[in-house]
Amino acid sequence: MSTETIEFQAQARQLLQLMIHSIYSTKDVFLRELISNASDALDKLRLAAYQDKDLEVDTSDLHIALATDPGERTLTVRDNGIGMTREEVVDLIGTIAKSGTAEMLGRLQQAREAGAASEQATAELIGQFGVGFYSSFMVADRVVLVTRKAGAASGVRWESDGQGTYTVSDEPQAPQGTAVTLHLKPEDTEDALHDYANPTTVKGIVKRYSDFITWPIRMAPAGGEGEPETVNSRKALWARSPKDVSDEEYTEFYRHVSHDWREPLQTIRLSAEGTFEYQALLFLPSHAPMDLFMREAKRGVQLYVKRVFIMDDCEALVPEYLRFVKGVVDANDLSLNISREILQQDRQIQLIRKRLVKKVLSTVRSMLDDEPEKYATFWSELGRAVKEGLLSDHDNRQAILEICSFASTHDPEKPTTLRDYIARMPEGQEAIYYATGESRAALENSPHLEAFRAKGYEVLLLTDPVDEVWVDMVPTFEDKALTSVAKGEVDLGGDDVDDETKKGFDALLGWLAATLDDDVKEVRLSHRLTTSAACLVGDAADLTPTLEKMYRAMGQ
Ligand code: ADP
Ligand code: MG
């Protein structure tokens, strides 16, 4: 096939424009992205070679090679990994399949329109999104990618200036793997620290961002004369003693596995010896991932077997409600040929998953006890997902309840744990009271709260959709019943309404009951209210109003 000129998909074009005009201060990260892709490509080739004995490829010297040409002002990142077919190049490089792209671009638009703080906001959003290959265009005005898929007879050349279109053409002589050549922007010359045609600069960046990459990263000497030098130390971080790994190294590794450019909130190490040996290095993010509540969201950690990469997004290792956990599990005794389907059934994987869940929950628990601010960040970003575990993870329900926080009438600024709620319960209060609804404001104005307020009883204000569901499945915490303020008879210990008063209302209640016959089950006197005249109350077994609305919206 001859040369084709193809338009970038609309979202890709928008993202490219962002890159080209980026004033993002840490442009250096483009190299991390390219090396990260090269490393993934080498992982994939090694795995493919294990799994497909007919694949005729030489895997004896898998590596990444960097070369600069100060005269031409180019930097090339080459790998002899899996490579791409022509279709793959068009699919993977010409479009953005990442979930959350549209949302990210929408938020960016908003940030722009907001004016002043927009550059900062742009940088934040880009950082959060992880722009991958396109970050090349922060430093280059032309990018050429030449690739040949492992096993294929000939290769492809992709080229673009990032301005709307790219070309693809055949490249029969392409060596196997992928080479990305950046034609660097001229303005970088003035700034020696950011001169990416300078081997010393490039080496420094590799050391800083990509030292942990387990494949050798070789730097050709300037001018191409002499032996290339391996720049990275290549040690798998999770196999090193925790005391020998610096925070910066963890951060860079986190960025590699998560595609998040920020720092992790918490690093978790885990290992087991004996029958089932494994090591894990896990991270909690400091922000909710963009796709946390999207159906197509990826989840799970990377699975390695004895340092060999097996798969990304290994769902079998992480339950859905902890889908924000990122990192690596390296197991010693699994088959390299293990498939996703078999993994779900594997006893060893199940055991690792069990421990991993417990470890994550106990880590959050420690944060709650010892680092309240960190915990508060965690909870406000990720709590909504964690609460799903109250529905799905019966074994750990207690541990999850312990780390939950809820808005409450006690302090409008600060959510409370159930334990703290109980500690504040006045004499005579037997239950934990909660109200569910769409917003805090709506709940605070609800007549249901009046009597509780008058009594000095605190009420939890639950406004997440998932709250409606879990409250029905969790009857108690620490022997205290979780009780809705909007359901059934609430025993607030007030005096019974005396017979005289009751008589006085008989006529009114009878009339109300007859008039509202189609709409309500019963009209009764109550000391639920102090200032409002009447309120609607559900039966103990009824759906809550929000849930009723939810079901109705779903057409049930
Ligand atoms: P991400 O790495 O987050 O998927 P990128 O923009 O960095 O996003 O890369 C897009 C895709 O292009 C990769 O997922 C991969 O399939 C493909 N790709 C990029 N670089 C290489 C490479 N060096 N070798 C093989 N495939 C690559
Ligand atoms: Mg990438």
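Residues numbered from 1 in each chain as written. Chains lettered and ligands numbered in written order. Predicted model: local features only at pLDDT ≥ 70, side-chain atom pairs only at ≥ 80, totals over all residues.

### Concerning the overall build of the protein
Defined as follows: Segments assigned H or I by DSSP are reported as helices when at least four residues long, segments assigned E as strands when at least two residues long, and all are numbered from the N terminus. To sort residues by burial, count the other C-beta atoms lying within 10 Å of each one's C-beta; a count of 20 or more means buried, 12 or fewer means exposed, and anything in between means partly exposed. C-beta atoms are built from the backbone. A pair of residues counts as a contact when their C-beta atoms, built from backbone coordinates, are separated by no more than 7 Å.
Summing up its helical and strand segments, the protein has 18 helices and 20 strands in all. Counting across all 556 residues of the protein, residues that qualify as buried make up 35%. The contacts in the protein between residues at least 6 apart in sequence include a share of 69% that link residues at least 24 apart.

### Description of the site of ligand 1
To be explicit about the condition: A residue counts as near a molecule or strand when its C-beta atom, positioned from the backbone, falls within 6 Å of it.
The full set close to ligand 1 counts 15 residues, and Asn37, Ala41, Leu92, Gly132 and Phe133 are the nearest of them. Counting only elements with at least two residues in the shell around ligand 1, the list comes to α2 (29-51) and α3 (86-94). Considering each element in turn, the shell around ligand 1 owes the most residues, four residues, to α2.

### Looking at the environment of Pro172
You can see Pro172 is positioned in the loop between β6 (165-171) and β7 (177-184). Spatially, the C-alpha atom of Pro172 lies 42 Å from that of Leu317, the residues being 145 residues apart in sequence. Aside from chain neighbours lying at most four places away, what touches Pro172 is Ser154 and Gly155.

### Describing the pairing of strand β3 (residues 74-79)
Where we set the bar: The pairing criterion for strands is at least two bridges between them, as found by DSSP.
Taken together, the six bridges between strand β2 (residues 64-69) and β3 define a ladder with antiparallel strand orientation. The residue of β3 that forms the bridge with Thr68 is Leu75. Between β2 and β3, which follow one another and run antiparallel, lie four residues, and Arg73 among them has a positive phi close to 55°. Where β3 and β7 come together, six bridges link them in antiparallel fashion. Counted as the bridge partner of Val77 is Val180 from β7.

### What about the pairing of β6?
The pairing of strand β1 (residues 4-7) with β6 spans four bridges and is antiparallel. Each bridged residue has a counterpart across the sheet, and for Thr5 the counterpart in β6 is Thr167. Pairing of strand β5 (residues 155-160) with β6 involves six bridges; the strand directions are antiparallel. From the neighbouring strand, Trp158 faces β6, where its bridge partner is Val168. A loop of four residues connects β5 with β6, the two strands running antiparallel in sequence, and Gly162 in this loop sits at a positive phi of about 75°.

### Description of the sheet that holds strand β13 (residues 308-314)
This is how it is decided: Here an axis means a line fitted to C-alpha atoms, over the contact stretch when the element is a helix, while the angle between two N-to-C directions is reported on a 0 to 180 degree scale.
Judged by pairing direction, the sheet is mixed, and its five strands sit side by side in the order β10-β11-β14-β12-β13 without closing on themselves. Of all strands in the sheet, those bounded by a partner on one side alone are β10 (264-272) and β13. Averaged over all adjacent pairs, the angle separating strand axes in this sheet is 15°, with direction ignored. Here strand β12 (residues 301-305) runs beside strand β14 (residues 326-331); their pairing, made up of four bridges, is parallel. By the bridge assignment for β14, Tyr304 is matched with Asp330. Against the sheet, helix α7 (residues 247-258) contacts β10, β11 (278-285), β12 and β14, and its axis sits at roughly 90° relative to β14.

### Some remarks on the nonpolar core
Our working definition: Any set of buried Ala, Val, Leu, Ile, Met, Phe, Trp, Tyr and Cys residues joined through C-beta atoms within 7 Å is what this text calls a nonpolar core.
Core analysis: the largest hydrophobic core is formed by 126 residues, its most contacted members being Ile35, Val301, Leu317, Val329, Tyr434, Ala435 and Val459. Discounting residues that sit within four places of it in the chain, Leu317 has contacts with Gly300, Val301, Leu303, Val329, Ile349, Ile352, Arg353 and Leu356.

### Concerning the sheet that holds strand β18 (residues 459-462)
As summarised here, the arrangement of the four strands in space is β18-β17-β20-β19, forming an open sheet in which the pairing is mixed. Of all strands in the sheet, those bounded by a partner on one side alone are β18 and β19 (476-477). Here β19 pairs with strand β20 (residues 480-484) via two bridges, running antiparallel. The residue of β20 that forms the bridge with Thr476 is Ala481. Its contacts with the sheet place helix α16 (residues 465-473) against β17 (432-436), β18 and β20, and it is angled at close to 145° to β17.

### Quick look at the packing of helix α9 (residues 347-370) against helix α10 (residues 372-386)
Put simply, the rule reads: If an angle is under 35 degrees, it is roughly parallel; if it is over 145, roughly antiparallel; if it lies from 65 to 115, roughly perpendicular; otherwise it is oblique. Should the near helix be turned anticlockwise from the far one by less than a right angle, the crossing is termed left-handed; should it be turned clockwise, right-handed. Gly is put with the polar residues, along with every residue not named as nonpolar or charged; the nonpolar set is Ala, Val, Leu, Ile, Met, Phe, Trp, Tyr, Cys and Pro, and the charged set is Asp, Glu, Lys and Arg.
Across the interface, α9 lies against α10 with an axial gap of 6 Å and an inter-helix angle of 130°. Classified by the interaxial angle, the pair formed by α9 and α10 is oblique. Where α9 crosses over α10, the two elements pack in a sense that is left-handed. Judged by residue contacts, Val364, Met367 and Leu368 of α9 engage Pro372, Lys374, Tyr375 and Phe378 from α10. The class makeup of the residues in the contact of α9 with α10 is six nonpolar, no polar and one charged.

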